[in-house]
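# Residue-level structural notes
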Amino acid sequence: MRNLHRLAGLPNMNSLLKHPRLQGLFRERAKYAAQEFLDELRNSMLSDAATPLPGLDECAESIRLKAEGLATPQLRRLINATGVVLHTNLGRAPLGEAVAVAIADICNGYSNLEYDTETGERGDRGVYVERLLRRLTGAEAAMVVNNNAAAVFLMLGALAKGKRVALSRGEMVEIGGSFRVPEIMEQSGAELVEVGTTNRTRLSDYTAAIEEKGAEALLKVHTSNYEIVGFTESVSASALAALGKEKGLPVLYDMGACFMVEADFLKLGTNVSARSGIASGVDVLCFSGDKLLGSAQAGILAGRAPYIAAMKKHPTARMLRPDKLTLAALEASLSICLYPEEARRRIPVLAMLAANPAELRRRAAKLADRLRPLCAGWEVGIVETEDETGGGAMPNMPLPGWAATLRPATPGDLSLEELERRRRPGGGPVILRIRDGMAPPSLRTLPPGEEGELL
Ligand SMILES: *Cc1c(COP(=O)(O)O)cnc(C)c1O
């Protein structure tokens, strides 16, 4: 009962909203925040008699902070200073200015998403992107779904349902976030025929799977996030494609991540472009849009026209279809990929992967010079780093990079752990890795111009 009496002392909404600290705020938001504040205060007073009743000024200040919090998106930009280019937890690929403009334009109004402006009739979403994909990959046909996991699912569901599908034991991968190839296969209605061993699979193992176990399709999965080293053997996509052709069976290839440009500046090994995947002769290839391609989250399927047509007609295709924002982003990225040198400048993922270590070193030194006056009591310097591609692409291939470093000059000063807490008010905005007693912001994943924000 005493509690209920105290509730009568709560300020009322009108007097709160008239408080000087709440003037200049968007009215509806201030009201929403005040209501939430009062509800919370009331509940806490009811459940705990010791809850103090704040004064009017204190209430207004809490409401102001709440209203500002409501105005701040919770999904927000942050600075990736980890040196991991495709960081799945940080949204994988940054898309860059050209793509941002294309998306903004499309979401600001209506579009010809499924409307043919020439004939005035209903069109097919995806045609613009598919045309670019055919040009860039050399494939007969292509289609886009929401992500590569969906692409694998659709590929198996539409082309291998009720069929026995041969897959090497060395390629039964888990990608993370509960994507396990054997389970996806089961869900899609295909039946797994295990081929070879974990470390060695030969072409003759596939032949045996076809002749002795009745395999009716061949699947190859890129082992994106691990490597088997030592006594190993695996069958290349082109050898598998040749076997499929000889036996008249479809060959499907989940490539995971691949480049859409073929250029020396990438210096990142051959056979990782979509064009090389298609050239290997497989019937259908799939890969992610937001890994090495450097665009929006999407799954891209490319290959022989009858197979792509069958996937487009499959009932699940409607559930997996991409949004106009995805298609706008992909079209913008792919248009840039037609010109490799331009792609190197304007596709952030490519720019970061192709960054020249000497240039990164120069930028790190400059950043250190700017940090020094801000960080009294700290040793500031530069250090070589092993950056990563990330995103399950190209494991065990460190990229030599450079970072500025911070180290407490005297023990007992602010520790790195304390620094880490300070740099993350409510979760953002700078993410870096603490290594060897240092917190080195790597320059590779810091687009030029973001240094100021970092400082
Ligand atoms: C990343 C990856 C996937 C999943 O792709 P998402 O676009 O993340 O859905 C599937 N297969 C392989 C081989 C991959 O590398």
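Residues numbered from 1 in each chain as written. Predicted model: local features only at pLDDT ≥ 70, side-chain atom pairs only at ≥ 80, totals over all residues. Heavy atoms only, no water.

Below, the discussion takes up the site of the ligand. For the ligand, the full set of nearby residues is R92, N147, N148, A149, I175, F179, H222, S224, D254, G256, S288 and K291. Take R92: an N or O atom from its side chain is 2.9 Å from an oxygen atom of the ligand. S288 has a polar side-chain atom sitting 2.6 Å from an oxygen atom of the ligand. Summarising the interface, the protein chains cover 93% of the accessible area of the ligand, which totals 380 Å² for the free molecule. Residue assignment for the shell around the ligand shows that the elements contributing at least two residues are α7 (148-159) and β11 (251-256). Along the lines of polarity and charge, the residues of the shell around the ligand split into three nonpolar, six polar and three charged. (Near = heavy atom within 4 Å. Polar contact = N/O pair within 3.5 Å; in protein donor to acceptor, adjacent residues only side chain to side chain. Areas by Shrake-Rupley, 256 points an atom, 1.4 Å probe, with all protein chains shown as cover. Helix = DSSP H or I, 4+ residues; strand = E, 2+ residues; numbered from the N terminus. Nonpolar A, V, L, I, M, F, W, Y, C, P; charged D, E, K, R; others polar.)

Spatial strand order, β2-β14-β15: three strands in an open sheet with mixed pairing. If you trace the sheet from one side to the other, it starts and ends with β2 (84-86) and β15 (399-408), each paired once. The average undirected angle you get between the axes of adjacent strands in this sheet is 35°. Bridge analysis of β2 against strand β14 (residues 378-390) gives two bridges, and the strand direction is parallel. (Pairing = 2+ DSSP bridges. Axes fitted to C-alpha atoms, helices over the stretch in contact; angles between N-to-C directions.)

By the bridge criterion, ten bridges tie β14 to β15 in an arrangement that is antiparallel. For E384, the partnering residue across the bridge sits in β15 and is W402.

Quick look at the nonpolar core now. If you look at the biggest cluster of nonpolar residues, it comprises 59 residues, and the most contacted ones within it are M260 and F287. For this core, the leading source of residues is helix α14 (residues 324-337), giving five residues. Contacts of F287, omitting those with residues within four sequence positions, involve N148, M255, G256, A257, C258, M260, A274, L293, A298, G299 and I300. Residues V165, M185, L252 and L301 belong to the second largest nonpolar core, which totals 30 residues. (Core = buried A, V, L, I, M, F, W, Y, C linked by side-chain atoms within 4.5 Å. Buried < 20%, exposed > 50% of the residue type's maximum accessible area, 1.4 Å probe, protein only. Contact = heavy atoms within 4.5 Å.)

Moving on: the packing of aromatic side chains. A full pass over the atoms with the stated rule returns zero aromatic pairs. Lying over the aromatic face of F231, R200 brings its terminal NZ or CZ to 3.7 Å of the ring centre. The positively charged end of R361 is found above the aromatic ring belonging to W402, 4.6 Å away from the centroid. (Phe/Tyr/Trp six-rings, centres within 6.5 Å; stacked < 30°, edge-to-face > 60°. Lys NZ or Arg CZ within 6 Å of the ring centre and 35° of its normal.)

This model, assessed by the stated rule, comprises 31 salt bridges. Taking the shortest distance from any N to any O, the salt bridge between R64 and E68 comes out at 2.7 Å. A residue pair is termed a helical-turn pair when its members lie 3 or 4 positions apart in one helix, as R64 and E68 do in helix α4 (residues 56-71) at four residues. A salt bridge links R275 to E262, with the shortest nitrogen-to-oxygen separation between them at 4.0 Å. (Salt bridge = Lys/Arg side-chain N within 4 Å of Asp/Glu carboxyl O.)

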